[in-house]
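Structure assessment
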Amino acid sequence: MIYLKLVWAYLKIGLFGFGGGYAMLALIEREIVGPGWITGQMFTDIVAISQMTPGPIGINSATYIGYVAPGASSSALSSPLWGILGSILCTLVVVVPSFILTIYASHFITRHRESAIVKGVFTGLRPVVVGLIASAALLLMNSANFGSTPAEVIPGIIICVAAFCLVYFAKIHPIIVILLAGAAGYIIF
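The rules we used
- Residues numbered from 1 in each chain as written.
- Predicted model: local features only at pLDDT ≥ 70, side-chain atom pairs only at ≥ 80, totals over all residues.
- Heavy atoms only, no water.
- Core = buried A, V, L, I, M, F, W, Y, C linked by side-chain atoms within 4.5 Å.
- Buried < 20%, exposed > 50% of the residue type's maximum accessible area, 1.4 Å probe, protein only.
- Helix = DSSP H or I, 4+ residues; strand = E, 2+ residues; numbered from the N terminus.
- Contact = heavy atoms within 4.5 Å.
- Polar contact = N/O pair within 3.5 Å; in protein donor to acceptor, adjacent residues only side chain to side chain.
- Axes fitted to C-alpha atoms, helices over the stretch in contact; angles between N-to-C directions.
- Parallel < 35°, antiparallel > 145°, perpendicular 65-115°, else oblique.
- Nonpolar A, V, L, I, M, F, W, Y, C, P; charged D, E, K, R; others polar.
- Expected span 1.5 Å × (residues − 1).
- Arc of directions from axis to C-beta.

1. Describing the nonpolar core
Of all hydrophobic cores here, the largest spans 27 residues; its most connected members are Leu6, Tyr10, Ile32, Trp37, Phe43 and Ile65. A per-element tally of this core places helix 1 (residues 2-16) first, with six residues. Excluding residues that lie within four positions of it along the chain, Phe43 makes contacts with Leu25, Ile28, Glu29, Ile32, Val33, Ile38 and Leu139.

Here it is, written out as structure tokens:
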């Protein structure tokens, strides 16, 4: 039964998650944290690890959740083999719909690229994707990332704002900013 639930959850993510990984975060969180397969803290950790590993957030989370959810739902499914089966199922289910839709969409867009309707659809989608990414930013502004006491929250916000300013205004390479933020976090916390 857990496999059907996982397939259904990741089928929805694969079909309706567009705009990239950050735009899909709210949908992924609702589908995997809501049923209790993982905690909010684990979700935050998955997002962080997904950014350090190759591949999109959707696929990385599908692989991980597919592995841990069967064991979390039933002790009879705690064997690594059941987890591997879950990983394969979830990864395929999140990738295949997007793959099929991409092939169809590219063919359709190529045929109708000069159409006012197609241009209008893309003009309307741009602000939606920006809104979904902003939603992901707000989703990640939680106590798991910033702490719960002022002594934890204020330095976290300062590091966040400083990182933004260094990348956006000072045009410092993001890898250098990540290393600086890591060092600042290590020193402060």
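2. What to know about the environment of Thr39
Assignment of secondary structure puts Thr39 in the loop between helix 2 (21-32) and helix 3 (40-52). Remark: the alpha-carbon pair of Thr39 and Gly66, spanning 27 residues in sequence, is separated by 15 Å. At 3.1 Å, the side chain of Thr39 and the backbone nitrogen of Met42 are in polar contact.

3. Examining the packing of helix 1 against helix 2
Two numbers describe how helix 1 lies on helix 2: the axes approach to 10 Å, and their chain directions differ by 170°. The orientation of helix 1 with respect to helix 2, classified from their angle, is roughly antiparallel. The segment helix 1 lies against helix 2, with Ala9, Tyr10, Lys12, Ile13 and Phe16 engaging Met24, Leu27, Ile28, Glu31 and Ile32. Looking at the contact of helix 1 with helix 2 residue by residue, the classes come out as eight nonpolar, no polar and two charged.

4. Thoughts on the side chain of Glu31
Relative to the helices and strands, Glu31 resides in helix 2. When sequence neighbours within four positions are dropped, the list of residues in contact with Glu31 reads Ala9, Lys12, Ile13 and Trp37.

5. As for helix 1
In this model, helix 1 (15 residues) spans 21 Å end to end at C-alpha, consistent with the 21 Å of a helix rising 1.5 Å per residue. Taken together, the buried positions of helix 1 are occupied by Ile2, Tyr3, Leu6, Ala9, Tyr10, Ile13 and Gly14. An end-on view of helix 1 places all buried positions within 135° of arc, on one side of the element. Away from its buried face, by an angle of more than 90 degrees, helix 1 presents the exposed residues Leu4, Trp8 and Phe16. Looking at the buried positions of helix 1, the neighbouring elements they touch are helix 2, helix 4 (57-73) and helix 5 (80-111).

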